[in-house]
Number of protein chains: 2
Amino acid sequence: MNKWVYNFGDGSAEGEASMKNLLGGKGANLAEMSNLELPVPPGFTITTEVCTAFYDNNNTYPSDLAQQVSASISIIEKTVGAKFGDEENPLLVSVRSGARVSMPGMMDTVLNLGLNDITVKALAKKSGDERFAYDSYRRFIQMYSDVVLGVEHYLFEELLEIHKEENGVVLDTELEAEDWKALSKAFKEKTEEELGHPFPQDVNEQLWGAIDAVFGSWMIERAMVYRRLHNIPHTWGTAVNVQSMVFGNMGDDCATGVAFTRDPSTGENAYYGEYLINAQGEDVVAGIRTPQYLTKSSREAAGANIPSMEESMPEVYNELASVFQKLEAHYRDMQDIEFTVQQRKLWILQTRSGKRTAPAALKIAVEMVHDNIITKEEALLRVDPGALDQLLHPTLDPEANRDVLTKGLPASPGAASGMVVFNADEAEELSKDGKSVILVRIETSPEDIHGMHAACGILTSRGGMTSHAAVVARGMGRPCVSGAGALYIDMSQGTITVAGRTINKHEIVTIDGGNGEVMSGEVATIKPELGGHFNELMGWADNVRLLNVRTNAETPLDASAAREFGAEGIGLSRTEHMFFDADRIINVRQMIMSEDETGRRAALEKLLPVQREDFIELFTIMKGLPVTVRLLDPPLHEFLPHTDEDFVDVAKVMNVDMAFLKRRAEELHEFNPMLGHRGCRLGISYPEIYEMQTRAIIEAALEVSKTLGEAVVPEIMVPLVGTRKELEILRKLICDLAEDIIEKSGIKLDYMVGTMIELPRAALQAGEIANEADFFSFGTNDLTQTTYGISRDDSAYFLNDYLKADIYDQDPFVSLDQDGVGELVIIGVERGRKTKPGLKIGICGEHGGDPSSVEFCHINGLDYVSCSPYRVPIARLAAAQAALR
Amino acid sequence: MNKWVYNFGDGSAEGEASMKNLLGGKGANLAEMSNLELPVPPGFTITTEVCTAFYDNNNTYPSDLAQQVSASISIIEKTVGAKFGDEENPLLVSVRSGARVSMPGMMDTVLNLGLNDITVKALAKKSGDERFAYDSYRRFIQMYSDVVLGVEHYLFEELLEIHKEENGVVLDTELEAEDWKALSKAFKEKTEEELGHPFPQDVNEQLWGAIDAVFGSWMIERAMVYRRLHNIPHTWGTAVNVQSMVFGNMGDDCATGVAFTRDPSTGENAYYGEYLINAQGEDVVAGIRTPQYLTKSSREAAGANIPSMEESMPEVYNELASVFQKLEAHYRDMQDIEFTVQQRKLWILQTRSGKRTAPAALKIAVEMVHDNIITKEEALLRVDPGALDQLLHPTLDPEANRDVLTKGLPASPGAASGMVVFNADEAEELSKDGKSVILVRIETSPEDIHGMHAACGILTSRGGMTSHAAVVARGMGRPCVSGAGALYIDMSQGTITVAGRTINKHEIVTIDGGNGEVMSGEVATIKPELGGHFNELMGWADNVRLLNVRTNAETPLDASAAREFGAEGIGLSRTEHMFFDADRIINVRQMIMSEDETGRRAALEKLLPVQREDFIELFTIMKGLPVTVRLLDPPLHEFLPHTDEDFVDVAKVMNVDMAFLKRRAEELHEFNPMLGHRGCRLGISYPEIYEMQTRAIIEAALEVSKTLGEAVVPEIMVPLVGTRKELEILRKLICDLAEDIIEKSGIKLDYMVGTMIELPRAALQAGEIANEADFFSFGTNDLTQTTYGISRDDSAYFLNDYLKADIYDQDPFVSLDQDGVGELVIIGVERGRKTKPGLKIGICGEHGGDPSSVEFCHINGLDYVSCSPYRVPIARLAAAQAALR
């Protein structure tokens, strides 16, 4: 005989926590608590195997199921001392679904099952509260009719409204026992009217109706769609939990509450919770009555008067506290517990690991290690790496009011308030005067960098999560909301228009880079504090992880910040960012506007010393560590003069006329610059540019090596390679020059030449390309752009539509698309290492700071990830978790 | 004992044509001709195995080689009746390399080997021409010193120049025997000065020096690079051919010439060639003397007086004619033959298949089938499909002078002359007045289409081989040169500036779309004629090929042309091209400028009837055949108003103010439109657009079915899909609507819904996507763009640099990149058919008309290719060849 039903309660159970597949999550958990001899209302679980058998056998149950259910009901009756359907002392039960994982779309709960026209009277008598009894009854009729019988909810709401109107009553609480009695009757009649047969009075019919409904809901459309989207097999099935009801609203010796074994907000090791005397679970959350404090100390800290549970029900409270200890010790984690006190008897209805803020998660995890409750490895797995952002950036005070204007993309975390300013120069000026500034642009460009540095936050109406604004802001640790498309920014008028409102220049706005909200006025923020717990956890992470973590940085500020956050080198230094300083851009412009090599070389001659100085500074900060320098990558036209003054300046330096310059600027225009004359294509067309950069890098490395006695290992990276031949040509150019400079210097210097794998073709041809490369670095931003055919600057137009329609689970520029882009990464790694075993391989796209992408990199054998400085701790922790999993 | 040496000549040979691997191409061919008992100067071939053995054994020869060579020399001596190194009657030989395939970079030829201070005198005596003998000697010294001994060529040229100057002589022909004698001496001395030892007088030393040099040149840098680039294994090795010299310049009973067995220009079945009395082979090609006609009829046709060979040397000519017959019959192809007559004795030096024009290739192939010389299958393989372009388009008269201004990309074949016009409207007007017009634009856009139709040629300064201009021009059969970057087009001035010259509006230019040349003034063109031969060959092709050939067309004109060219359906109909007519664009603009669905629907309502009419017309033309219609694909901003008048018009229709319109236009701007809000992303964001198009397609198909009783099978194609979910959503939208319309009509109609595979992710996810698709069509233009990360509109900037540096063998937008893009196609086919065996798969990029890409499609099991109308015959022939190979 198959065992289809597992009993629990009364200090023991036939199941346990490990039997989730058979009993579902809820059932296994109730069994576990029973085994811990906690006061769990007795009940039983019908296994998931019944669900499977049901569907395998033409929607019929195993023949011996009814008998097993009936036997389990008898056990509950015996334990509780009440009888199902009894006229004097009726047993009431709840019926709930419970799959292996929580699953929206399925039938959830029927409470108070077992009530009928007769048992309701017994309940009234036993509780001494007729109003309670009939309110419970009408609730049961409504709930059962809705979820089991399919009579729509609103029909009952209508009846209730009509009744209240007829009786001149506004609130449900004003209704008396007689009202509920009348409504119970009306509800039953409505159900009969809808179905053509009466509401079931037979409690066993009620029970089997509810069981049928749970199993039936496994195959309804919504549940099936959910399972398909989340890859949950239909064969898993759901369990059904039947449990005796307990009531916290039977009088003043009753209560109900929720509690955390530690403070979920701060992580402090002190009980935290709320309770209400003579109330139902719903009342605590519904906000009709104000819940009271659980402990005396928290009541006192809040300056409240109404006694805490510790004071009003000391014995039950002590019993509850011992449950807290037992559960936390057993589950070895902070618990979120629901309880009910029925006539001084404590019942535990649920326990689960409690949700917590990032600071709390950190504190709890580290303290539990100190207290020998969990291991360091477990502690590492307990903290969500993504949530570390909260620790590193200011956040909005959750108590403060928000006047939300619109929502953009949460492009760089943190919150900031400041004056609206529309250009970088003004941002810098006002910031020097001590003003807080939010730089607002349609989209930023490299020329705005000084303004972005000066601003305390950046807001754009265009661009996705990896637009220029987003990438640079994350690098600098500035909050940023990008792609807020509803904003209409009128630079000339100095106004932002949004949803019919106008924000003028210098008005204050607040942005929340954590959720993308843009608010009018100032909203209070909370400053982050990085304590010893943080460093301790990071230290454990470093001991565990196999992936190295580098940073994407080119400014001394970013590089220093990243070293402080634990970066083990630079994985991407974008040399073009060094070209935008006022004293350099003129020479850069001279270079690109020149029509011949001589003109370009003259300009490059002037750029060489400044670029070399940049590298000396960067290499000095990073001494002892590897630094990957990417040669010039963006389309030249990004450096074009914009204003007429710019043109005049360039014309003067070059000694040419304006007509020539304008024509040249027109020539350099590209329709799709992302797919244009950029990356190594520039190195092929204008080798003199890469020569200058190679010289600057190698000379700087030699200089630092001489001065400090400790060198970096420059890794020279050629961008946008698509064929072996490109890298072959450029590698020769770089190495010939580098060898020459090194030989003449008489100093020993190691360096490497490698490439970014950022085009689908490069990934496919990795076996060939590896012949010419000392290392690979996956540029997953560009690889995502080309694999999907989506420009990150333009994706904001339809990204929302795509997320809404469930086409993307996540913005592919934020979390690596493991199916598509990921397959190319895997192909690239395999083919690259087949040609050159042990080839050093990293990733330097924005995905390097995304936890699930970091895990992907770990699984696929990459050597390192590189991410913006403020994401370095996230990557360190994510890498540790990946190693542990 | 290994056989290292194979003799030939004197009516027999030890080798034959099939032994190319052992004897190299040249050696095998000389053997074959000897076996045919043709008069080949006797000689021998040292096999490629000697080369391999040489390198395998530390650069030493097999021990028995010397003896075998010496024996073969004796055989030549016996045959020729002269002795190697003999003081009276010396044998002279040539030494040549000869690998399996012709290979630049290797040592080529040493002539007159065997001459020294003594034998030169014998040669003078024997020939009776001392000048000839010493000229030959100094040539030998120079050639041998250069290629065998490594003394640089220019050193001898210098001596010659000095000698001429000192003797007041300008031309070589003015030099006498004594001069050459003196120079021979000086040359020898120079060689000795350079090398430190005298020029070898021992003929055997000379011979082995030359043999060493041939084998040595197999491993020089240039040859190795060439082999790497062409995937030729180093182990193949080269052979060495040693052959007795014959002289056509020993007197008036000597001659030399080249001949074709049929006219290589027209294909006419008549001997064709040139000869010179008392001359060397070089003289015929060098142009110092004017060669004479071979046959009497050709001399007469040209109105020339100097006797033809047929007249001046009738016996030798008859002998030659019989050689022609023998060789053509033997090789079963038109032959290109080199011959020399030495003292009335005919010698055949070389035969090979003759190069020919496309008309000649066609005529020869078809006539040879008629004459039972070759099979139809062989005929199909004899015609280069790419060359058919010459048959379909006018070409420039090769005799005409060309004043070439610059060179762009050969974007659409054919040649045309006309007035320079800078805008489409003017092009249309002038064309109505009967003027020939070349439309000159920086780049064309869909709005220029009427002007492109009106023009007889299109010239742009931007854009690659698959830019808008190129694609549309090929579709229309208009010649086009694109991406002529050296042109500076000043629209406002109405001028083109190029290389310091200015071309004004309405001046005449000529473009050659076959080679990309842009010329000043009018250049005469030759009109094509498509005769019976063409149709006959195409018919044979259709019987053989397995691939279907469809066309890319949307206008009735293109569709009709394509059907005439044999298209078996439409593989790509770009619906957006239908949106640009003056009476429609206003409604399209209204649609995209609307901010909400209501506004868009109002505009779509007006577009529905016109779009339906388009389809009715198209389906009527294509009745009985499948028609693939691609739903709206380009980024909406392509349809934006340009001029202020445009804006005013739209504002009027929409009843909105200009500020709104300008703002909206700004909002729609994209940084990288190719990667922007386009393709199925439009269908997801604005389902009403795809609904309108689906309705237009289905209603049109029903209408045609009703009227003609014969329907098309519309294949509705969703562009730019990257995930299964996109197609799932849109397929449902299309099918729900289509079913509804069909059901209401009461008529039966088959239709399909499929997708373009044009993103790397789509190819990788083809297994998933196939679940939702009735067919796949590879959009290899876009797939190339994203796989390489190159926009076809911007590639012109660096494409030349890339082709020059051998990074690309061919523009990847012209011929499918089989390594990278091709791998994605293969992956897409495999995964798609794994999910859905028998899934219908085609290709509709521009590659569909490229022969090697067509072959790739055949090999990888595609069902059809689709190309522009004028490429349909090319694809038909290429498909037949692929099937035959």
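In what follows, the structure referred to is the one given above.
Each value, and the rule that gives it
- Residues numbered from 1 in each chain as written.
- Chains lettered and ligands numbered in written order.
- Predicted model: local features only at pLDDT ≥ 70, side-chain atom pairs only at ≥ 80, totals over all residues.
- Heavy atoms only, no water.
- Axes fitted to C-alpha atoms, helices over the stretch in contact; angles between N-to-C directions.
- Helix = DSSP H or I, 4+ residues; strand = E, 2+ residues; numbered from the N terminus.
- Parallel < 35°, antiparallel > 145°, perpendicular 65-115°, else oblique.
- Left-handed = near helix turned anticlockwise from the far one by under 90°.
- Nonpolar A, V, L, I, M, F, W, Y, C, P; charged D, E, K, R; others polar.
- Pairing = 2+ DSSP bridges.
- Contact = heavy atoms within 4.5 Å.
- Least-squares fit on C-alpha atoms with pLDDT ≥ 70 in both.
- Polar contact = N/O pair within 3.5 Å; in protein donor to acceptor, adjacent residues only side chain to side chain.
- Expected span 1.5 Å × (residues − 1).
- Buried < 20%, exposed > 50% of the residue type's maximum accessible area, 1.4 Å probe, protein only.
- Buried area = accessible area lost by both parts, 1.4 Å probe.
- Salt bridge = Lys/Arg side-chain N within 4 Å of Asp/Glu carboxyl O.
- Phe/Tyr/Trp six-rings, centres within 6.5 Å; stacked < 30°, edge-to-face > 60°.
- Core = buried A, V, L, I, M, F, W, Y, C linked by side-chain atoms within 4.5 Å.

## Focus: the packing of helix α23 (residues 597-621) of chain A against helix α27 (residues 687-708) of chain A
Residues and elements named next belong to chain A.
Stage number 1. For the pair α23 and α27, interaxial distance at closest approach is 8 Å and the crossing angle is 30°. Here α23 is positioned roughly parallel relative to α27, judged by the angle of their axes. Seen along the crossing, α23 lies across α27 with a hand that is right-handed.
Stage number 2. Residues belonging to the contact of α23 with α27 are distributed by class as follows: 14 nonpolar, three polar and nine charged.

## A word on the sheet that holds strand β34 (residues 864-867) of chain B
Residues and elements named next belong to chain B.
Stage number 1. Here eight strands make up a closed barrel; going around it, the order is β27-β28-β29-β30-β31-β32-β33-β34 and the pairing parallel. Ignoring strand direction, the axes of neighbouring strands in this sheet form an average angle of 25°.
Stage number 2. Where strand β33 (residues 840-843) meets β34, two bridges bridge the pair, whose relative direction is parallel. The residue bridging G842 from the neighbouring strand is Y864, located in β34.
Stage number 3. Those strands touched by helix α28 (residues 724-745) are β30 (713-718) and β31 (752-757), and its axis lies near 150° from that of β31.

## Observations regarding the relation of the copies chain A and chain B
Stage number 1. For the pair chain A and chain B, the best superposition has an RMSD of 0.2 Å and corresponds to a rotation of 179° with a translation of 0.1 Å parallel to the axis. The symmetry that links the two subunits is that of a two-fold axis.
Stage number 2. Taken as a fraction of all interface residues of chain A, those also at the interface in chain B reach 100%, which identifies the copy contact as same-surface.

## Side note on the side chain of S866 of chain B
All names here are of chain B.
Stage number 1. Considering the arrangement of structural elements, one finds S866 in strand β34.
Stage number 2. A distance of 3.0 Å separates a polar atom in the side chain of S866 from the backbone oxygen of T551.
Stage number 3. Reaching out from S866, the side chain makes a polar contact with the backbone nitrogen of G571 at a distance of 3.3 Å.
Stage number 4. If near-sequence neighbours (up to four positions away) are discounted, S866 is found in contact with R550, T551, N552, G571, L572, I843, C844, G845 and G848.

## Thoughts on helix α35 (residues 872-884) of chain B
Residues and elements named next belong to chain B.
Stage number 1. Compared with an ideal rise of 1.5 Å per residue, which puts 13 residues at 18 Å, α35 spans 18 Å between its outermost C-alpha atoms and is within 8% of the ideal.
Stage number 2. In terms of residue burial, α35 counts as a mostly covered element, since eleven of its 13 residues are buried.
Stage number 3. For α35, the complete set of buried residues consists of V872, P873, I874, A875, R876, L877, A878, A879, A880, Q881 and A882.
Stage number 4. Those residues of α35 that are buried lie in contact with α15 (376-382), α16 (389-392), α20 (532-544), β27 (548-552), α34 (851-859) and β34.

## As for the interface of chain A and chain B
Stage number 1. On the side of chain B, 56 residues touch chain A, which itself brings 56 residues to the contact.
Stage number 2. On the chain A side of the interface with chain B, the three residues burying the most area are F671, L675 and R761 of chain A, jointly 13% of the side's total.
Stage number 3. At the junction of chain A and chain B, the tally comes to four salt bridges.
Stage number 4. As a salt-bridge pair, R831 of chain B and E823 of chain A come within 2.6 Å of each other at their nearest N and O atoms.
Stage number 5. Across the chain A-chain B interface, the total number found is 29 residue pairs in polar contact (both at pLDDT 80 or more).

## Here we look at the packing of aromatic side chains
Residues and elements named next belong to chain B.
Stage number 1. Going through the model one piece at a time under the given rule, you end up with 38 aromatic pairs over all chains.
Stage number 2. Geometrically, the ring pair formed by F615 and F619 is stacked, given 5.7 Å between the ring centres and 20° between the ring planes. A residue pair is termed a helical-turn pair when its members lie 3 or 4 positions apart in one helix, as F615 and F619 do in helix α23 (residues 597-621) at four residues. The pair F615 / F619 is uniform in exposure class, with both members buried.

## Quick notes on the nonpolar core
Nonpolar side chains tend toward joint burial in soluble globular proteins.
Stage number 1. Counting residues in each nonpolar core, the largest one holds 298 residues, and the members touching the most others are M593 and F619 of chain A together with M593 and F619 of chain B.
Stage number 2. The next biggest cluster of nonpolar side chains, apart from the first, holds 63 residues, and it includes W4, V93, A210 and F215 of chain A.

## Observations regarding the pairing of strand β6 (residues 93-99) of chain B
All names here are of chain B.
Stage number 1. Taking burial as the measure, the seven residues of β6 include six buried ones, the bulk of the element.
Stage number 2. Bridge count between β6 and strand β8 (residues 238-244): seven bridges; the pairing is antiparallel. Along β8, the bridge assignment pairs R96 with N241.

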